[in-house]
Amino acid sequence: MKLGNLIDKLLYEDADAALDLAENEQILYVTGRHWVILLSRLIIPLLGISFFGGIAIYRAIGGGFLVTETGEPTGFDLFNIILVLIEAVLMLFWVALWVRGGKDPNPGRVLLAANLAVLALIYFRYNGGRIFFIDPGRFFGQAFDPLNLLLIGLATISLFSIFFVVYDWLNDELILTNRRVVYDNDQVFIPKLLEQRVQQQIFIEEIQDVQAATKTYPQHWLKYGTIEVKSARIGGNIVFHGARNPKEMQRRIMTQVNENRRKRSEADLEKMVETRVYNEPPPKVKRPLPEARPSLGWLSWILPPNPEVQAEKETIIWRQHWLFLLQGIFPPLVMLFVGWILIVLLGSWGLLPPVWLTVLSIALVLAFLAWSAWEVEDYRNDMYILTPTNIIDVEKKPIGPEDRRAASLGAITNVSFETTFISNLLGYGNVVVETAGSGGKFTFTHVPNPRDVVTKINDYYVMFKRAEKERSLNDMLELLRHYHLAQQRHNEILPAQPNGATQIEPAPDATTKLLLPAGHETAPASAGQSPPATVELLPPQGNGTPPSNDDQQPRATEEQKST
């Protein structure tokens, strides 16, 4: 298998694991960072291996630094001549900077310090010293001394960091599905265990433009660059730097956008016409709700289902992760534990009679229960609510004040989630919902499965925007329906018959001809019966009105003659 195909396979596998795909949603294309980005990230680990490992090997073979009395000849050898040339260049730069002057003295100080250091090295080597000197007999036993063990450890860490850099490089991708574009960014500490993940996503219906840019000649030649997906939402753009084949991803996204718009327009118009013109009931669209978890009975008061699903209202309620309920109950537990210890000590020392010990014990238990109930109720009252039209953030104290913020789903400009190394391990994170106007930013803190929360909010947002579009189409079709009725009232068009034919009243004392739709034949008249009266529809006159009976009479006479 080629390396490129293997990388593509790994990218698709990671994308499939990173997304909670909705019903009938499938991944169409995935692109990751270019290998040039990987090489740039590997520079520091490779330098670490070279530096620490090189010094460790050098010391292991008997190498030393700044060694005096080496027995080497003094004077100006080739290395000292090179140092003198370096000193001349540094001195030239320092003099030029001193002559020009400047407000910032730091560059001059740095150059002066470098000049002094090079002069010290020249003097040191001129008198027989050496910066690097190998003498196994003189530096015996350095291979496993504490300093070398430290250097070996740092080189090993640099070696393992290469694995983490490669894994992190493979876990940054831009994903295209038939419903959305997702930027999945992982910062890896321990793969599959401690990862910080941030996701941004834009639904296909919201994409306005896609830009693919290769800004330098190396980017153009090596086919990598920047992809920017622009959204209709303020601040909702996705920027993906260092992408492989940015033009290919741009082409695929815009193809899906155009296909989606075409299908949506056809489906919407057909449904709107059937609903508003022919009064057929519209199909009911159900929102994707999480599976309702089984009730825990009376324990549901302490630990309610999270998320709590109200199917009849299509409402989802999230609370903080259950770990933060334990965090709230921890102080009452500490009070209970410390209180019991004090009561036992007071009883063992005989400082209080048994009656008082009993009273204190009951009071301690009641205080613990009251405090714990307060914390549980406070945990239950802090809710993050998603309805078909709004998002609501509720912070309420038990039997006390309440802070309720709400914003329309149409005001949402961006939805993202953030996890840290620890929160990703424990399964919770923060969901940030940015809204336009005075609503500001909503932060759902410490919610479980933040990726699923973002998915549900985006699903509700898309369905809300679709409903807005349908309302707009409804208004347009309602206007067309009233226009159609007005045309009928003004005799500009004729009312339709149950079989689809259109007819008008026949002229008096005339046999007229009825023009039926294709496939319909007029039954022949029986013997002794007059032929059926028919009507011939004529095009409207210049003023849009149908022809008068006077205009129709000559035609009826001709038909009688032919009969």
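Only a predicted model underlies this, so the values are computations on that prediction, with no experimental measurement involved. All residue numbers here refer to positions counted from 1 along the written sequence of the relevant chain. Selection of residues for local features in this predicted model requires a pLDDT of at least 70, selection of side-chain atom pairs for listing and counting requires 80 or more, and totals for whole chains, interfaces and linings are taken over all residues. Values reported for side chains reflect all heavy atoms of the structure, with hydrogen atoms and water molecules removed beforehand.

Asker: An account of the overall build of the protein is requested, with residue identities and associated values reported.
Answerer: When helices and strands are counted, the protein shows twelve helices and 17 strands. Split into buried and exposed, the 563 residues of the protein put 35% on the buried side. In the protein, the share of contacts with a sequence separation of at least 24, taken over all contacts with a separation of at least 6, comes to 61%. All accessible areas in this document rest on Shrake-Rupley with a 1.4 Å probe, and a residue is counted as covered only by the protein chains that are shown. Accessible surface computed for the protein: about 33900 Å², of which carbon and sulfur atoms make up 63%. A run of H or I in DSSP becomes a helix once it reaches four residues, and a run of E becomes a strand once it reaches two; helices and strands are each numbered from the N terminus. Only protein chains enter the accessibility calculation, which uses a 1.4 Å probe; a residue is then buried when its area is under 20% of its type maximum, exposed when over 50%, and partly exposed in between. Contacts between residues were defined by any pair of non-hydrogen atoms, one from each residue, lying within 4.5 Å.

Asker: Tell me about the environment of Asn 237, and name the residues and values.
Answerer: One can find Asn 237 in the loop between β8 (224-231) and β9 (238-244). In this structure the C-alpha to C-alpha distance between Asn 237 and Val 210, which are 27 residues apart in sequence, comes to 9.7 Å. Setting aside its immediate chain neighbours within four residues, Asn 237 contacts Gln 200, Ile 202, Glu 228, Val 229, Lys 230 and Ser 231.

Asker: Tell me about the packing of aromatic side chains, and please be specific about residues and values.
Answerer: Within 6.5 Å between ring centres, the rings of Phe, Tyr and Trp (the latter by its six-membered ring) count as paired, and their orientation is classed by plane angle as stacked under 30 degrees, edge-to-face over 60, tilted in between. The final tally for this structure, using the stated rule, is ten aromatic pairs. Ring geometry for Tyr 58 versus Phe 132: centroids 6.0 Å apart, planes at 85°, classification edge-to-face. Linking Tyr 58 in helix α2 (residues 35-60) with Phe 132 in strand β3 (residues 130-134), this pair joins segments that are 74 residues apart in sequence. In this structure Tyr 58 comes out as buried when scored by relative accessible area, which is 15%. Aromatic pair Tyr 384 and Phe 444: ring centres 4.6 Å apart, planes at 20°, arrangement stacked. Pair noted here: Tyr 384 is in strand β12 (residues 383-386) and Phe 444 is in strand β17 (residues 441-448), with a separation of 60 residues, a long-range link. Neither residue differs from the other here; Tyr 384 and Phe 444 are each classed as buried. Through successive ring pairs, a cluster of aromatic residues spans Tyr 58, Phe 65 and Phe 132. Sitting above the plane of the Phe 442 ring, Arg 405 keeps its charged end 4.1 Å from the centroid. Geometrically, a lysine NZ or arginine CZ counts as sitting over a ring once it is within 6 Å of the ring centre and also within 35 degrees of the ring normal.

Asker: Provide a residue-level description of the packing of helix α3 (residues 78-100) against helix α4 (residues 106-126), including the pertinent values.
Answerer: Note on definitions: angles span 0 to 180 degrees between N-to-C directions of axes, and those axes are lines fitted to C-alpha atoms, for helices only across the stretch in contact. Following both chains from N to C, one finds α3 and α4 inclined at 160°, their axes separated by 9 Å at the closest point. Here α4 runs roughly antiparallel to α3, going by the angle between their axes. Note that α3 runs across α4; the crossing there is left-handed. Here α3 contributes Phe 79, Asn 80, Leu 83, Val 84, Ile 86, Glu 87, Leu 90, Met 91, Phe 93, Trp 94 and Leu 97 to the contact with α4, which in turn contributes Pro 107, Gly 108, Leu 111, Leu 112, Ala 114, Asn 115, Val 118, Leu 119, Leu 121, Ile 122, Arg 125 and Tyr 126. Three classes are used, and their members are as follows: Ala, Val, Leu, Ile, Met, Phe, Trp, Tyr, Cys and Pro are nonpolar, Asp, Glu, Lys and Arg are charged, and the others, Gly among them, are polar. Looking at the contact of α3 with α4 residue by residue, the class counts come to 18 nonpolar, three polar and two charged. In what follows, roughly perpendicular refers to angles from 65 to 115 degrees, roughly parallel to angles under 35, roughly antiparallel to angles over 145, and oblique to any angle outside these ranges. The handedness criterion is simple: a crossing whose near helix is rotated anticlockwise from the far helix by less than a right angle is left-handed, and one whose near helix is rotated clockwise is right-handed.

Asker: Can you tell me about the sheet that holds strand β7 (residues 207-213), naming the residues and giving the values?
Answerer: If you trace the three strands from one edge of the open sheet to the other, you get β7-β8-β9, paired in antiparallel fashion. In this open sheet, the two strands that pair with only one neighbour each are β7 and β9. Direction aside, neighbouring strands of the sheet carry axes that sit 20° apart on average. Summarising the sheet, β8 and β9 pair through five bridges and their orientation is antiparallel. Bridge pairing links Val 229 to Ile 238 in β9. Strands are treated as partners if at least two bridges between them are detected by DSSP.

Asker: Break down the side chain of Arg 244 for me, with residues and values.
Answerer: Along the polypeptide, Arg 244 turns up in strand β9. Polar contacts involving the side chain of Arg 244 include one to the side chain of Asp 8, which spans 2.5 Å. Each residue touching Arg 244, except ones within four places of it in the same chain, is listed here: Ile 7, Asp 8, Leu 11, Thr 31, Gly 32, Arg 33, His 34 and Lys 223. What qualifies as a polar contact is a pair of N or O atoms within 3.5 Å, subject to a donor-acceptor requirement within protein and to the restriction that residues adjacent in sequence count only when both atoms come from side chains.

Asker: I'd like a rundown of empty space enclosed by the protein, residues and numbers included.
Answerer: Using a grid of 1 Å spacing that covers the protein atoms alone, one calls a set of points a cavity when a 1.4 Å probe fits there but cannot get out, and a pocket when the set is open and has protein on both sides within 12 Å along at least five of seven lines; lining residues are those with an atom within 4 Å of a point. Grid points are joined across faces, edges and corners, and a volume is the space filled by probe spheres set on the points. Enumeration according to the criterion identifies one cavity of 30 Å³ or more in this entry. Going through the elements one at a time, α1 (3-18) and α5 (146-170) are the ones with two or more residues in the lining of the largest cavity. Across the lining of the largest cavity, the residue classes break down as four nonpolar, one polar and three charged.

Asker: Lay out α2 in plain terms, naming residues and giving numbers.
Answerer: Because an α-helix packs 3.6 residues into every turn, residues spaced three or four apart end up facing the same way. Expected helix span is given by 1.5 Å per residue-to-residue step, counting one fewer step than there are residues. For α2, built from 26 residues, the straight-helix expectation of 38 Å at 1.5 Å per residue is met to within 8% by its first-to-last C-alpha distance of 35 Å. Bend at a given residue is defined as the angle between two axes, one fitted to the seven residues that end at that position and one fitted to the seven that begin there. Along α2, the largest kink reaches about 35° and is centred on Ile 43; proline Pro 45 follows within four residues of it. Those residues of α2 not exposed but buried are Val 36, Ile 37, Leu 38, Leu 42, Pro 45, Gly 48, Gly 53, Ala 56, Tyr 58 and Arg 59. In the segment just after α2, Gly 62 is the residue with positive phi, at about 100°.

Asker: Before we move on, could you go through the pattern of salt bridges and cite the residues and values that matter?
Answerer: By convention in these notes, a salt bridge is any Lys or Arg side-chain nitrogen within 4 Å of a carboxyl oxygen on Asp or Glu. Applying the stated criterion to the full structure yields 15 salt bridges. Among the ionic pairs, Arg 251 bridges to Glu 248, the shortest N-O distance being 2.8 Å. A residue pair is termed a helical-turn pair when its members lie 3 or 4 positions apart in one helix, as Arg 251 and Glu 248 do in helix α7 (residues 246-277) at three residues. With its nearest N and O atoms 4.0 Å apart, the salt bridge here joins Asp 378 to Lys 397. Taken as a pair, Asp 378 in helix α9 (residues 354-381) and Lys 397 in the loop between β13 (390-396) and β14 (402-408) lie far apart in primary sequence, 19 residues in all. Among the charged side chains, a salt-bridge network with shared partners connects Arg 33, Arg 41, Asp 168 and Asp 172.

Asker: Talk me through the pairing of strand β1 (residues 27-32); I want residue IDs and the actual numbers.
Answerer: A large share of β1 lies buried, amounting to five of its six residues. Both β1 and strand β4 (residues 173-177) contribute to a ladder of five bridges, which runs antiparallel. From the neighbouring strand, Gly 32 faces β4, where its bridge partner is Glu 173.

Asker: Go over the sheet that holds β14 with me, naming the residues and quoting the values.
Answerer: Pairing in this open sheet of five strands is antiparallel, and the strands run β10-β11-β12-β13-β14 from one edge to the other. On the outer flanks of this sheet lie β10 (308-310) and β14, each paired with one strand and no other. On average, adjacent strands in this sheet sit at an angle of 15° to one another, irrespective of strand direction. Pairing geometry for β13 and β14, over seven bridges, is antiparallel. Across the sheet, residue Glu 395 finds its bridge partner in β14, namely Asp 403.

Asker: Help me get a handle on the side chain of His 34, residues and values and all.
Answerer: Structurally, His 34 is set in the loop between β1 and α2. In terms of polar contacts, His 34 uses its side chain to reach the backbone amide nitrogen of Val 36, at 3.1 Å. A polar atom in the side chain of His 34 sits 3.0 Å from the backbone oxygen of Leu 222. What His 34 contacts, discounting residues up to four positions off in sequence, is Trp 169, Leu 222, Lys 223, Tyr 224, Gly 242, Ala 243 and Arg 244.

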